[in-house]
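Residues per chain are reported as follows:
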Amino acid sequence: VGGVLRSFERSRSLATAAGFVADRCRAISVDIVTNRIEPNVAAPIMTRIARYYILASYIFCEVKAPKFEHRFNVSALQSSLNMLRSFAVGTSLWRDEFLSYTAL
């Protein structure tokens, strides 16, 4: 029982940290749009943000963490991929990696 409780506490604190990072990622995304950051600067940042959302989805796929919202994470990932796609119009910034994620 003690191991299960410790595991739950770890996942809860991890979910809290993931929520904090997701909040920061959302703020960065808003700043990129609001300040009209150039695509060649914004694309690498949004690439890291999209990868974060993918990693968080994987980590929490089987964990019922009270502080982690799967729906929000999926929505944020879709927004990140859409931003990456918009940056890539007419450029070579769009990668096969992210194109395949949108197909999922």
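Our structure's up above, just so we're on the same page.
This structure is a prediction, so every number in the text was calculated from the model and none was measured. (Residues numbered from 1 in each chain as written. Predicted model: local features only at pLDDT ≥ 70, side-chain atom pairs only at ≥ 80, totals over all residues. Heavy atoms only, no water.)

Trainee: When you look at the nonpolar core in this model, what are you seeing that I'm missing?
Mentor: Nonpolar side chains in soluble globular proteins generally cluster together in the buried interior. Ranked by internal contacts, the top residues of the largest apolar core, which has 21 residues, are Ile32, Met46, Tyr52, Tyr53, Phe68, Leu84 and Phe87. Elements with a contribution of two residues or more to this core: helix H1 (2–34), helix H2 (39–59) and helix H3 (70–88). Ranked by residues supplied to this core, first place goes to H2 with eight residues. Apart from residues lying up to four places away in sequence, isoleucine 32 is in contact with Ile37, Ala42, Ile45, Met46, Met83 and Phe87. (Core = buried A, V, L, I, M, F, W, Y, C linked by side-chain atoms within 4.5 Å. Buried < 20%, exposed > 50% of the residue type's maximum accessible area, 1.4 Å probe, protein only. Helix = DSSP H or I, 4+ residues; strand = E, 2+ residues; numbered from the N terminus. Contact = heavy atoms within 4.5 Å.)

Trainee: Hey, could you run me through unusual backbone geometry in this one?
Mentor: Glycine aside, residues mostly have negative phi, and peptide bonds are mostly found in the trans state. For arginine 36, which is not a glycine, the phi torsion comes out positive at approximately 50°. Mapped onto the secondary structure, arginine 36 falls in the loop between H1 and H2.

Trainee: I would appreciate a short explanation of H3 in the present structure.
Mentor: Side chains of residues three or four places apart in an α-helix project in the same direction, reflecting 3.6 residues per turn. For H3, which comprises 19 residues, the first-to-last C-alpha distance of 27 Å matches the rise-based estimate of 27 Å (1.5 Å per residue) to within 8%. Every buried residue of H3 is listed here: Asn73, Ala76, Leu77, Ser80, Leu81, Met83, Leu84, Phe87 and Ala88. For H3, the arc enclosing every buried residue in end-on projection is 155°, short of the 170-degree limit, so these residues lie on one face. (Expected span 1.5 Å × (residues − 1). Arc of directions from axis to C-beta.)

Trainee: How should the environment of alanine 56 be read in this particular structure?
Mentor: Structurally, alanine 56 can be placed in helix H2. Spatially, the C-alpha atom of alanine 56 lies 9.7 Å from that of valine 74, the residues being 18 residues apart in sequence.

Trainee: What exactly am I supposed to notice about the side chain of serine 80 here?
Mentor: You can see serine 80 is positioned in helix H3. Apart from the residues within four sequence positions on either side, serine 80 is in contact with Met46, Ile49, Ala50 and Tyr53.

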